[in-house]
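Here is what each chain is made of, one letter per residue.
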Amino acid sequence: MTGEKGLIDFHCHLDLYPDHASAVKEAELSGVYTLAVTTTPKAWERNNNLARGTRYVRAALGLHPQLVAERSHELSLWESYLPETRYVGEVGLDAGPRYYASFELQKKVFAHILSSCAKAGGKVLSVHSIRSATTVLDHIEEYMPSDRGRVVLHWFTGSKSELKRAVDLGCYFSVNQSMLLNERGLDLVRAIPTDRLLTETDGPFVKHGDRPVRPPDVWVTVEAIAVHRALSPTALATQIRTNLKRLVEASV
Ligand code: MN
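Residues numbered from 1 in each chain as written. Predicted model: local features only at pLDDT ≥ 70, side-chain atom pairs only at ≥ 80, totals over all residues. Heavy atoms only, no water.

**Digging into empty space enclosed by the protein**
Next up, step 1: A full pass over the atoms with the stated rule returns 1 cavity of 30 Å³ or more.
Next up, step 2: Computed from the structure, the largest cavity encloses a volume of approximately 50 Å³.
Next up, step 3: Forming the walls of the largest cavity are Ile140, Met144, Ser146, Gly149, Arg150, Val151, Leu169, Gly170 and Cys171.
Next up, step 4: Class assignment of the residues belonging to the lining of the largest cavity gives a composition of 5 nonpolar, 3 polar and 1 charged. (1 Å grid on protein atoms, 1.4 Å probe; cavity = no way out; pocket = protein on both sides within 12 Å on 5 of 7 lines; lining within 4 Å. Points joined across faces, edges and corners; volume = space filled by probe spheres on them. Nonpolar A, V, L, I, M, F, W, Y, C, P; charged D, E, K, R; others polar.)

Structure (structure tokens):
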């Protein structure tokens, strides 16, 4: 799908494609502003090195909640890299059945991550909240005052009232094409204020047809959301760019 330059993919695992370097290059050449999230702090250096020379790609320092059970000892490594980055993710909580055993540990790690980011100031976080929206929002409220950094809720699947609470806490939302596949997801996406909206692919975990989605495919998400907002896709893409600009500037 060909889109225009300047689209936003605010949550993509570029290092999980078979060829990381060419995935970075493709994002750069297609002019898609891409946040390359990581799942462990050990992946930070390579992601940061590949992103550093680009105009459109930025790396984020993560410790994925689904890996906390085996990787919580990497929290000190995460901490040591924090001064090198404005962007943090993927972090958050996952209370799904496969990860529930580590939920208490996940909460400790997430509280620590939020506190460190708030203390440092100016960070932008991409946050996972599967089956844990209320607990994630409780943590943000307690540990991340909105003047100390910004939270983007990635693939948000909470309730409408949780969404409203997130908006009141100053959160943004990055929406991917999988969220638009059912009525519940669509209903939630329609409730996101236009000025808090970002787009993402969550590649390579989301499929585009029979292949893993890639950053330029984010155009289909822009088109699909635009339909429900009485905006042209191009006007919506411009609005999303404005949102990103505000998000990044506000968190300095
Ligand atoms: Mn992800």
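**A few points about the packing of aromatic side chains**
Next up, step 1: The tally for this structure, following the rule as stated, stands at 4 aromatic pairs.
Next up, step 2: Where Tyr33 meets Tyr56, the ring centres are 4.7 Å apart and the plane angle is 55°; that geometry is what we call tilted. Highlighted residues: Tyr33 in strand E2 (residues 33–36) and Tyr56 in the loop between helix H2 (44–52) and strand E3 (57–59), separated in sequence by 23 residues.
Next up, step 3: Ring geometry for Tyr100 against Phe103: centres 5.5 Å apart, planes inclined by 15°, an arrangement best described as stacked.
Next up, step 4: A cation over an aromatic ring shows up here: Arg196 above the ring of Tyr172, its NZ or CZ 5.7 Å from the ring centre. (Phe/Tyr/Trp six-rings, centres within 6.5 Å; stacked < 30°, edge-to-face > 60°. Helix = DSSP H or I, 4+ residues; strand = E, 2+ residues; numbered from the N terminus. Lys NZ or Arg CZ within 6 Å of the ring centre and 35° of its normal.)

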